Amino acid sequence: MLLIQCPYCGLRPELEFAYAGQAHVARPADPSTTSPEQWAEFLYLRNNTRGIHAERWRHVRGCARFFNALRDTTTDHFLATYRAGEPMPAIQAVQQP
Amino acid sequence: MRKFSGWTLLKEAFGGQQGWTPQWRRVAPQPEYDAIIIGGGGHGLAAAYYLAAEHGITRTAVLEKGWIGGGNTGRNTTIIRSNYLFDESAALYDHALKLWENLSQVLNYNVMFSPRGVLMLAHTVHDVQVAKRHIHANRGNGVDNEWLSPEEAKAYCPPLNIERNIRYPVLGGALQRRGGTARHDAVAWGYARAADALGVDIIENCEVTGLVRDASGAMEAVQTARGLIRCRRVGVSAAGNTSVVLGLADVRLPLESFPLQALVSEPVKPAVPCVVMSNSIHAYISQSDKGELVIGAGTDAYTSYTQRGALHVNSHTLSAICELFPAFRRMRMLRNWGGIVDVTPDRSPIIAKTQVAGLYVNCGWGTGGFKATPGSGHLLAWTMARDEPHPINAPFTIERFRDGHLIDEAAAAAVAH
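Caption draft 1: Molecular detail of unusual backbone geometry. All names here are of chain B. A positive phi is found at M112, a non-glycine position, where the angle reads about 55°. Position of M112 relative to the elements: it lies in the loop between α4 (103–107) and β4 (118–122). A positive phi angle, near 60°, is found at D250, a position not held by glycine. By the element assignment, D250 lies in the loop between α8 (242–247) and β13 (256–267).

Caption draft 2: Highlighting the nonpolar core. All names here are of chain B. One finds I37, L45, Y50, L92, W100, L107 and Y191 to be the most contacted residues of the largest nonpolar core, which totals 48 residues. Elements supplying a minimum of two residues to this core: β1 (35–38), α2 (42–55), α3 (87–101), α4, α7 (184–197) and α10 (373–386). In terms of residue count, the dominant contributor to this core is α2 (eight residues). Each residue touching L107, except ones within four places of it in the same chain, is listed here: M1, Y49, G190, Y191, R193 and A194.

Caption draft 3: Looking closely at the interface of chain B and chain A. Across the boundary between the two partners, chain B contributes 25 residues, which contact 24 residues of chain A. Roughly 2100 Å² is buried in total at the junction of chain B and chain A, and carbon and sulfur atoms are behind 52% of that figure. Looking only at chain B, the three residues that lose the most surface to chain A are R252, Y302 and Y305 of chain B, adding up to 32% of its buried area. Our count for the chain B to chain A interface comes out at two salt bridges. Put simply, E41 of chain A and R252 of chain B hold a salt bridge, and the shortest N to O gap is 2.6 Å. The interface formed by chain B and chain A includes 14 residue pairs in polar contact (both at pLDDT 80 or more). For the side of chain B that touches chain A, the secondary-structure elements that each account for two or more residues are α8, β13 and α11 (400–403) of chain B. Top contributing element to the side of chain B that touches chain A by residue count: β13 of chain B, with three residues. Broken down by class, the residue content of the side of chain B that touches chain A amounts to twelve nonpolar, seven polar and six charged.

Rules used throughout
- Residues numbered from 1 in each chain as written.
- Chains lettered and ligands numbered in written order.
- Predicted model: local features only at pLDDT ≥ 70, side-chain atom pairs only at ≥ 80, totals over all residues.
- Heavy atoms only, no water.
- Helix = DSSP H or I, 4+ residues; strand = E, 2+ residues; numbered from the N terminus.
- Core = buried A, V, L, I, M, F, W, Y, C linked by side-chain atoms within 4.5 Å.
- Buried < 20%, exposed > 50% of the residue type's maximum accessible area, 1.4 Å probe, protein only.
- Contact = heavy atoms within 4.5 Å.
- Buried area = accessible area lost by both parts, 1.4 Å probe.
- Salt bridge = Lys/Arg side-chain N within 4 Å of Asp/Glu carboxyl O.
- Polar contact = N/O pair within 3.5 Å; in protein donor to acceptor, adjacent residues only side chain to side chain.
- Nonpolar A, V, L, I, M, F, W, Y, C, P; charged D, E, K, R; others polar.

That is the geometry; function is a separate question.
In structure tokens, the structure reads:
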């Protein structure tokens, strides 16, 4: 089981969290002018990164708040977690030597 | 190819088993092929076999980065069934099931297909209604499925607990008698042997590192760990790594890769005569011919390529197994493992052309690809050979996500996710 650093509550076991998919996927600003291709991109297409992945988590059995994380999908190691609305940290800055 | 029979077995028995030879050639890649399949699992090997056997494209290579059948083909729980809700899905999975039924004869290789019946349990009034809806939909599509009362379910599977005093009592079940299991390794080996005999090159330890396109954007060559191979017709059948491989040609797919876990117990005498599944409390179980109970757990919550998962996922499944089969409470588990499954938003696969000319994909089988192995290989081969889909896989496009024509088995809950 993973240990996940909630930016609001601290280090907690994975069971308290819900995974919420790729982070920083913006909803189209103007739905009426959005093409079917752009809707499909927003709704369904994902990076599915093999490597460092920016993703949303929700501390559903704790503070219930959403936050973002950088995790390496080849090791499941969390490089960083940060609050929703904050910019994604530079990957070089959070990678351990 | 040396044909297997009772006679060859007997002959080798008297000859001290010294006459057996490798089942397929170990070859270096040629500089050019008419077709390349990326991914040497059951699906990819089946596609290569059907390309050679049914479409005459024998200058075909299967490129596998590890060893054949070492990915999800060697990691799944071998359940075969076709009781899916929607017409498109029922046609697709029943196509595969019909190929399973005489696969051992066609390949001259015993894949140990065992139609022992798949029993899907219902635990609530809602479950019962959903199961009966499935039964009627299946029968309308010519797929066998029948309702069993709790007593009939117990008669079919004696160790099942049908007491009413458990948290999720068994209210009945849907039984597909034509469903069952097969031997996963034999499927990969059987297809590899039969494809090799038709001239297909099976190249292991050959990771694809690039997809090369010509000036018009069409497929021209495949860059691999063992050099550049020219080919204008490339099929990708790479399961959990499909996004990575197709990313080499800048093709984005509606896929996410999750770890899916399974585990087996110590071997015991025959106790479970069929496959039992419960979608509501999430457990599925069968017994291998070696005697191990083969138990499937769920996917982990997050995307990953680690081929492992968290123990709490297995433990959740085992608590359901212990309630349904109290006799197994003291069984010891021998091994657990994970595979990486590629999941689409509607939980239906994609077997289609991509926007790149000459590049085809078979992916998105999620947690249930093994059952489709012969069918998906057959349809990918057809699609690659004719550059157009077979009527059965025509609905399973990438564009359905743009056009809204989802085949929403996820919402239908026909499968254990």
